Structure formats: structure tokens, C-alpha cells
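Okay, here's what each chain looks like letter by letter:
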Amino acid sequence: MTTVSLPAPAGVRPRRVAARWARRGPLLPALLFTIVVTQLPFAATLVISFTDWNALYPDRRGFAAFGNYTAVLGDPQLRSSILTTVILTVSVVLVSLVLGLAIALLLDRRFHGRAIVRTMLIAPFLVVPVAAALLWKHALYNPEYGLFNGILTGIFGPGAAQPDWISDAPMFSVVSSLVWQWTPFMMLILLAGLQSRSPEVLEAARVDGAGALAVFRHITLPHLRQYLELGALLGCIYIVQNFDAVFTITAGGLGTANLPYTIYQTFYQAHDYGRASAAGVIVVIGSMIVATFALRVVSSLLKQEADR
Amino acid sequence: MTQTLSAPTGTAVPPPARPRRVRRGRGGAVLGVVAWIVGIAFFFPVAWMVFTSLHSEQAAATNPPDLTAPLTTDGYREFFATNPWPYLINSATASVVSTALVVVLALFAGYALAIRPVRKWSDVLFFFLTTKMLPAVAGLLPVYLIAQHIGLLDNIWLMVILYTAMNLPIAVWMMHSFLAEVPVAILEAAALDGARLPTVMRRVILPIASPGIAATALICFIFAWNEMLFARVLTGVVAGTAPVFLTSFVTTQGLFLAKVCAAATAISIPVLVAGFAAQNKLVQGLSLGAVK
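Computed from a predicted model, the values in this text were never measured in an experiment. Numbers given to residues run from 1 along each chain, matching the order in which its sequence is written. By the order in which they are written, chains take letters starting at A while ligands take numbers starting at 1. Given that this is a predicted model, residues contribute local features only at a pLDDT of at least 70 and side-chain atom pairs are listed and counted only at 80 or more, while totals for whole chains, interfaces and linings are drawn from all residues. Each side-chain value is derived from all of the structure's non-hydrogen atoms; neither hydrogens nor water enter the calculation.

1. Considering the overall build of chain A
Then step 1. In terms of regular secondary structure, chain A is built from 15 helices and two strands.
Then step 2. Within chain A, buried positions represent 49% of all 308 residues.
Then step 3. Contacts between residues were defined by any pair of non-hydrogen atoms, one from each residue, lying within 4.5 Å. For chain A, the share of sequence-separated contacts (at least 6 apart) that also reach a separation of at least 24 residues comes to 67%.
Then step 4. Taken as a whole, chain A presents about 14300 Å² of accessible surface, with 68% of it coming from carbon and sulfur. Helix and strand definitions follow DSSP, with helices as H or I runs of at least four residues and strands as E runs of at least two, each counted in order from the N terminus. When accessible area is computed with a 1.4 Å probe and restricted to protein chains, residues below 20% of their type maximum are described as buried, those above 50% as exposed, and intermediate ones as partly exposed. Only the protein chains shown count as covering a residue, and every accessible area follows the Shrake-Rupley method with a 1.4 Å probe.

2. Remarks on the interface of chain A and chain B
Then step 1. Residue-level contacts link 104 residues of chain A with 108 residues of chain B.
Then step 2. In short, buried area is how much 1.4 Å probe accessible area vanishes from two parts on joining, totalled over both. Buried area between chain A and chain B, both sides added, is near 9800 Å², and the carbon and sulfur share of it is 78%.
Then step 3. Definition used for salt bridges: Asp or Glu carboxyl oxygen within 4 Å of a side-chain nitrogen of Lys or Arg. Counting every contact that joins chain A to chain B gives zero salt bridges.
Then step 4. Each polar contact in these results corresponds to two N or O atoms within 3.5 Å; when the atoms are within protein, one needs to be able to donate a hydrogen and the other to accept it, and residues that are neighboring in sequence are counted only if both atoms are side-chain atoms. Taken together, chain A and chain B are joined by six residue pairs in polar contact (both at pLDDT 80 or more).
Then step 5. Side-chain classes follow a simple rule in which Ala, Val, Leu, Ile, Met, Phe, Trp, Tyr, Cys and Pro form the nonpolar group, Asp, Glu, Lys and Arg form the charged group, and the remainder, Gly included, forms the polar group. Across the side of chain A that touches chain B, the residue classes break down as 71 nonpolar, 23 polar and ten charged.

3. What to know about the nonpolar core
Then step 1. Counting residues in hydrophobic clusters, the biggest one holds 181 residues, and the most contacted among them are A:Leu27, A:Leu107, B:Leu179, B:Ile205, B:Leu234 and B:Leu282.
Then step 2. At 16 residues, the largest contribution of residues to this core is made by helix α8 (residues 156-179) of chain B.
Then step 3. Viewed by domain, this core spans two of them, domain 1 (31-72) and domain 2 (85-252 + 260-287) of chain B, each represented by three or more residues.
Then step 4. The residues touching A:Leu107, leaving out its near neighbours within four places in the chain, are A:Arg114, A:Val117, A:Arg118, A:Leu121, A:Met187, A:Leu191 and B:Ala35. For our purposes a nonpolar core is just a set of buried Ala, Val, Leu, Ile, Met, Phe, Trp, Tyr and Cys residues, chained together by side-chain atoms within 4.5 Å. As annotated, the domain borders come from an automatic or database domain assignment.

4. Looking at the UniProt feature "domain: ABC transmembrane type-1" (unreviewed entry) in chain A
Then step 1. As annotated by UniProt and renumbered to match this structure, "domain: ABC transmembrane type-1" (unreviewed entry) occupies residues 82-294 of chain A.
Then step 2. Here residues 82-294 of chain A is 79% helix and 0% strand, with 19 Å between the C-alpha atoms at its ends. UniProt positions are given in the numbering used here, feature names are shortened, and annotations may be inferred rather than shown by experiment.

5. Details of the packing of helix α5 (residues 114-126) of chain A against helix α9 (residues 170-195) of chain A
Two numbers describe a pair of packed helices, the interaxial angle and the distance between the axes.
Residue and element names in this part refer to chain A.
Then step 1. At their nearest, the axes of α5 and α9 sit 6 Å apart, and the two run at 135° to each other. Between α5 and α9, the crossing angle belongs to the class labelled oblique. The crossing of α5 and α9 is left-handed. Taken together, the residues of α9 that come into contact with α5 (itself represented by Arg114, Arg118, Leu121, Ile122, Pro124 and Phe125) are Trp180, Gln181, Pro184, Phe185, Met187, Leu188, Leu191 and Gln195.
Then step 2. Within the contact of α5 with α9, the residues separate by chemical class into ten nonpolar, two polar and two charged. All axes here are fitted lines through C-alpha atoms, helices being fitted over the stretch that makes contact, and every angle between N-to-C directions spans 0 to 180 degrees. Should an angle fall under 35 degrees it is taken as roughly parallel, and over 145 as roughly antiparallel, whereas 65 to 115 is taken as roughly perpendicular and any remaining angle as oblique. A crossing counts as left-handed when the near helix is turned anticlockwise from the far one by less than a right angle, and as right-handed when that turn is clockwise.

6. Some thoughts on the side chain of B:Glu227
All names here are of chain B.
Then step 1. Mapping Glu227 onto the fold places it in the loop between α10 (197-226) and α11 (229-234).
Then step 2. Here the side chain of Glu227 touches Phe230 through a polar contact of 2.8 Å, landing on its backbone nitrogen.
Then step 3. Look past the residues within four positions of Glu227 in its chain and what remains in contact with it is Tyr163, Met166, Thr241 and Pro243.

7. What about the confidence of the model for chain B?
Residue and element names in this part refer to chain B.
Then step 1. The predictor reports its confidence for every residue as pLDDT, a score running from 0 up to 100. In the predicted model, chain B carries a mean pLDDT of 81, and 87% of its residues have values of at least 70.
Then step 2. Helix α5 (residues 85-115) holds the highest mean pLDDT among the elements of chain B, 92, whereas helix α1 (residues 2-6) holds the lowest, 41.
Then step 3. Between residues 1-23, whose pLDDT stays under 50, and residues either more than four places distant or in other chains, the model counts three contacts.
Then step 4. If you check the scores for this complex, the pTM reads 0.84 and the ipTM reads 0.83.

8. Looking at the environment of A:Gly146
Then step 1. Residue placement: A:Gly146 occurs in the loop between α6 (129-140) and α7 (147-156).
Then step 2. Apart from residues lying up to four places away in sequence, A:Gly146 is in contact with A:His138, A:Ala139 and A:Leu140.

9. Some words on the domain arrangement of chain B
Residues and elements named next belong to chain B.
Then step 1. Per the domain assignment, the segments of chain B are domain 1 (31-72) and domain 2 (85-252 + 260-287).
Then step 2. The straight-line distance from the C-alpha centre of domain 1 to that of domain 2 is 33 Å.
Then step 3. Taken together, the contact between domain 1 and domain 2 spans four residues of the former and four residues of the latter.
Then step 4. At the boundary of domain 1 with domain 2, total buried surface from both sides reaches about 420 Å², with 84% on carbon and sulfur atoms.
Then step 5. At the boundary of domain 1 with domain 2, the tally comes to zero residue pairs in polar contact (both at pLDDT 80 or more).
Then step 6. Here the residues of the side of domain 1 that touches domain 2 are counted per class, giving two nonpolar, two polar and no charged.

Dropping the structure here:
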């Protein structure tokens, strides 16, 4: 519908050229800006990845061919951080998506104070991530005066177990804090989805005697598919790149170093520019494969867009 | 027959409907309570952060927590005594200016993609989204080297440029779906009246798409205000942003729980206030391309 454009003035050549530029013109600033600021650095990363370049040894610069790549791929630390990234991203996205769906279904019903409950639920998403990570690390997880152990003491008395949450379960601690931050985000997307269902269709289903479960399976879930995909897609984009929680809560220790953290360290602390770049390129290639597959093959987001 | 006779009041309500409606009502009340519990559970850490920030260091670090300790604003006084203003101003500059730039660029791009579509427009949209999927950290080093070369390290305008690039893809995507809602007939009428692009933008598109523009701006502002990795690597003394200040604040001062909570609360307040005030727009904005 909306792709219907204004009728092009046929025949007159200069006017047609002008019309073409009238279309492209508004797009160009954003496109050029994006290409210059995001694509050029990646091209530079690619070039640097083939050089021997450690800022601590400026004399030893040279062409490294695939040296950095074999070093990076042979590095057990980097391979473990790839695995960590996958586990972290998949668990946070899945758990927060499921929780977000459950909460969105709860909030889709009318009850007293629904607006207040929604406002309270949004709060975790609005707290600055570094602040949230500090809050979890010091005010909640801390083994001596954190709230969690404080509650345990409050309930079970002075002899209560006082686990050291972060060292005992580092991955779980990071994932929990991220799930807390991202569930509201998923909930907001899915709530928008629920509220855009057609009330006529729902009413018709009820009149036909469909139970709540049948309505959910055959009407709500198919309608929500796009919203679930969108939540998963945006969640993946932002959680793959998570730096704040890993940096703040565990400082990459105890097997929680993900790719952004590892690259940050290779570059910022080891000053190994060549190797950091090679790691970056590998991450980009991996992301491209996953993203293309997700968007072009599995997702209905772009198909729907193209149909319009 | 016998059934209707046995019903003493003889109401016309069909038997199966009534119990179901009653059950739904009671279940609804229970689920409402569940929703309240979930809401309080999610809000609780935020409330705890604010609560802790209003205590003396001694009262904040007790186990079990002392809920009756007297409240004090010492934590905030000490936080503001460390002079966080330059960092807050840097964050405000980077977030507000980059958001304004993103909105303008994305508005025109959205126009080109949704209202007078360029050819292969869905490929262009796909391109924007893929740039968002490339992990930003992989471009960090060249950005650092280039910035160092042209003397933009530790300069807040570098952060403005980077945050604009960071948010532009999502903003283009959102703006495209909001502008796709603008009725074509209105635009055709405007074109017949001889209106040019700036006029069409200002008089026709802006009024219709303003809720979408507000949602886009809010989300870009939140992400820019929250960003830390790039700010940590590329800024320092002069251009440090609030999140960077928060981490350095903790490591240089040792741990003072109440003061850290006060700092975390103070830095989160702009986003919390903006987000609470515009939560309906947030819902609308986050569902971006899917709302069709």
C-alpha cells in the first residue's frame, strides 16, 4: 500500500533524473554517514588483522599474513570466550523472552493498578547498565553485606548459609542480572504485540467456544511470532555485545570473559593490535553468518516488510 | 424439558456460560495479585538501590539489613562533592546532540524508504540492520587510531559522532515503520498543491509521525546515555561520560556502598524520568517494524 509512489512524470528526461534524485537524496546523508563511520573502521580492522603490530614493540611492525588468525584460533582463551558469548547470549535472550512473554500475558489483562505495575516493571531497563551491574555486585551479591545474604540471615538467623554468589556461580550471577535488565524490554515488545491483536478475532474465537489455551496457541502465538522474533533479534544484537555486566561484575574472571571483553583486553591491556583485529574480524564473520541466516531464512520480519 | 422445569427462577442465561464467566473473574483477580508480586519483585532492586543510597555507610553495610536506620542524604552530598558535573554535562551533550542528529538523518532516510521508496529499499533496510549486528568492539581499534591521529581522542564530539552511528540503524528502521503509516492520499494532495520536500516534512509528515519520532528519540537517548565501552576507551579526563565516571568513582574511592548507590541513582535518574514519562511511546517504539 504505502509503496505506491507519486506518479513519475514520464517522458521528459531531465525531470526523470530530478525525480530519481528526489528519491535518493533524503536517504544519502544517513547512508553515507553509516558507511563512513561503521564500514571504514571495519575495513581498517581487516587491514590491521594481517599485520604484526603490538603497540608495546613499535619496531617489530610488519606483514603477518594469517599469523594473527592462526594465533587467535589456536588460543584456548579466545575459543572459550566464544563459547561464553554463545551461552551468555542464548541463555539471557531465551530466559528473558519466556519471562517477558509470561509477564506480558499477565499485564494484558485488566486489574487494579495495572499502570503502576507496568511502570515498576520498566524500571530495570531504564537503570544505566553500569549502575545496574554495580548494584547487583555490591548491594545484592556481596557475601558480607549484600541483600541476598542479608535476607538469608534475616530468615534463618545468624547461622544461615552465606554463599559468595559471584565466585560460587559467576555465570549464573551475570546471567541473572542481565535477565533482570532485559526481561522488561522483551515484555514491552510483546505487550505491544498482544495489544495489537484484533479484538474482533478474539471475540469470535470465544463465541465459537475456544478455551484460553486454544486461543493462545492458534491466535495469540502466531500473531506474536514477529514480536518474538524482533525481541530475540534486538536482544541478541545488544547482549552479544555486552560489556558492562561482564566488566563490572566479574571483570572477565571465572570463565565469564565474553568476546567484547576479550577483544577489549587484547587491545587495551596487551596492546596487541594485530591479534585484537583478527579476533574482531572473526567475530564479524561469525555474526554475519548468523545474522544473514536469521534474517533471510528464519525470520518473517523482512519478508513481511518486502510484501508490503 | 425437565431441566428448565427444575430451574426455579427460570432465567434465560444458558447454563454453561455462567460458571465459565465466574471462573474467569476469580482467576483474573488471582492473576492480578501475581502481576503485582512480579512487578514488585522486578522493581525491588531499584527500590533497594534508592533505599541504600539514603543511609549512612554504616547502616548500609549491615547484615541482616537494618530497615529502621535513620535516613540521610550524606551519600548524595558526598557524590556531588566529587564534582560529577563535567561528566554529567558530557553525557548530556553526547546523548542530546547525537539523538537530534539521529532523528534528523533517520527522518529523511525513513522518508526515502517508506514514502517515496528508492529501488531495492528493503536491501537498504537490511544493510542498516546488519551494521547494527557487527559487534562494535571490532571497530574500536581503528576508531581509536584514527581519533588519535586527528586529535579527537578524549573529545566529546567524537562520542557524538559514534553514538549517532550506533543508533542510526535502529532509528532508520523505526522511522521507516512509523512513516509507512502516513496515508499516501495526504502526500499526493500535498504534492498536487506543489509542496516541496521541506514543506511536506514540516507540515504533513511531522505532525502525523511525531509520536514515532518521540519514541525513536527516547530509545536513542537511553542507549547513548548508557553506553560505556567506547566512552571508556576513547575518553578520559576531559570528555569522560557519566558511566565512565561511575566505574572510576568506585575503584578510586574504595567501596562505600551508600555513596555508590547514590551515584548510581543520580546517574540513572535522567533516563528513569524520561522513560517513566514516556512509557507508552516506549512500548510503541520498541515494537518498531513488527507493527503491521
